[in-house]
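What the coordinates show
Residue strings, one per chain:
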Amino acid sequence: QVQLVENGGGLVQTGDSLRLSCTPSGRSFSNYTMAWFRQAPGKEREFVAAIKWKNLATDYSSSVRGRFSISRDNALNTLYLEMNSLKPEDTAVYYCAAAAVSGFYGRHMDGYGVWGQGTQVTVSS
């Protein structure tokens, strides 16, 4: 069974940094767009960032652009999310996701077919 396993969440203070990682098990997603989403309590899951497999083009939501950085190491089959200048409103469960088909690149959840179990990020004020 294909799984995505996230690591790196935790409790930090405003202004701190944190790095999340996501490692697939069962197969490689080196030819697929991968992304990070998050879901805060009482809110819908929202797009955070995505990265293409080929030219490593990236896309960010306006709320994290300039503070977060998505990257991937295809040789290690690992996806990262570097989060800087964290704010209390960044508190959420963060999920990594892999595109359902190799040609997909976008923000819509429906385009992602494999999801991780999520990792909690809590930013205290």
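Below you will find a few notes about this structure.

Conventions we followed
- Residues numbered from 1 in each chain as written.
- Predicted model: local features only at pLDDT ≥ 70, side-chain atom pairs only at ≥ 80, totals over all residues.
- Heavy atoms only, no water.
- Helix = DSSP H or I, 4+ residues; strand = E, 2+ residues; numbered from the N terminus.
- Buried < 20%, exposed > 50% of the residue type's maximum accessible area, 1.4 Å probe, protein only.
- Polar contact = N/O pair within 3.5 Å; in protein donor to acceptor, adjacent residues only side chain to side chain.
- Contact = heavy atoms within 4.5 Å.
- Pairing = 2+ DSSP bridges.
- Core = buried A, V, L, I, M, F, W, Y, C linked by side-chain atoms within 4.5 Å.
- Disulfide = S-S within 2.5 Å.
- 1 Å grid on protein atoms, 1.4 Å probe; cavity = no way out; pocket = protein on both sides within 12 Å on 5 of 7 lines; lining within 4 Å.
- Points joined across faces, edges and corners; volume = space filled by probe spheres on them.
- Nonpolar A, V, L, I, M, F, W, Y, C, P; charged D, E, K, R; others polar.

Attention now goes to unusual backbone geometry. If a residue is not glycine, its phi is most likely negative; likewise, a peptide bond is most likely trans. A positive phi angle is found at N77, which is not glycine, with a value near 55°. Assignment of secondary structure puts N77 in the loop between β7 (68-73) and β8 (78-83). Phi is positive for S85, which is not a glycine, with a value near 50°. Mapped onto the elements, S85 comes out in the loop between β8 and β9 (92-99).

So, on to the side chain of D90. By the element assignment, D90 lies in the loop between β8 and β9. The buried category is assigned to D90, whose relative accessible area is 1%. From its side chain, D90 meets the backbone nitrogen of K87 in a polar contact 2.8 Å long. Ignoring sequence-local partners within four residues, the contact set of D90 consists of R38, R67, F68, S85, V121 and V123.

Quick look at the pairing of β9 now. Within β9, seven of the eight residues are buried, which leaves the element mostly enclosed by the surrounding structure. With three bridges connecting them, β9 and strand β11 (residues 119-124) associate as antiparallel partners. Looking across to β11, one finds that V93 is bridged to Q120. Relative to strand β10 (residues 112-115), β9 is paired through three bridges, and the arrangement is antiparallel. Across the sheet, the residue bridging to A98 is V114, located in β10.

Nonpolar side chains in soluble globular proteins generally cluster together in the buried interior. The biggest cluster of nonpolar side chains holds 36 residues, and the ones touching the most others in it are W36, L81, M83 and Y94. Mapped onto this core, the elements with two or more residues apiece are β3 (18-25), β4 (34-39), β5 (46-51), β7, β8, β9, β10 and β11. No other element matches β9, which puts six residues into this core.

What follows is about the state of the cysteines. Summed over all chains, the structure comprises one disulfide. At a sulfur-sulfur separation of 2.0 Å, the disulfide partner of C22 is C96. Residues C22 and C96 are joined through a disulfide that is right-handed, its torsion about the S-S bond being 50°. Residue C22 is located in strand β3, and its partner C96 is located in strand β9; the two are separated by 74 residues in the primary sequence.

What follows covers empty space enclosed by the protein. Empty space left among the atoms is revealed by rolling a probe the size of a water molecule over them. According to the stated counting rule, one finds one cavity of 30 Å³ or more in the structure shown. Estimates place the volume of the largest cavity at around 40 Å³. In this structure, the largest cavity is lined by C22, P24, S30, M34, R72, D73, N74, N77, T78 and L79. When residues of the lining of the largest cavity are traced back to their parent elements, those giving at least two are β3, β7 and β8. Looking at side-chain class alone, the lining of the largest cavity contains four nonpolar, four polar and two charged residues.

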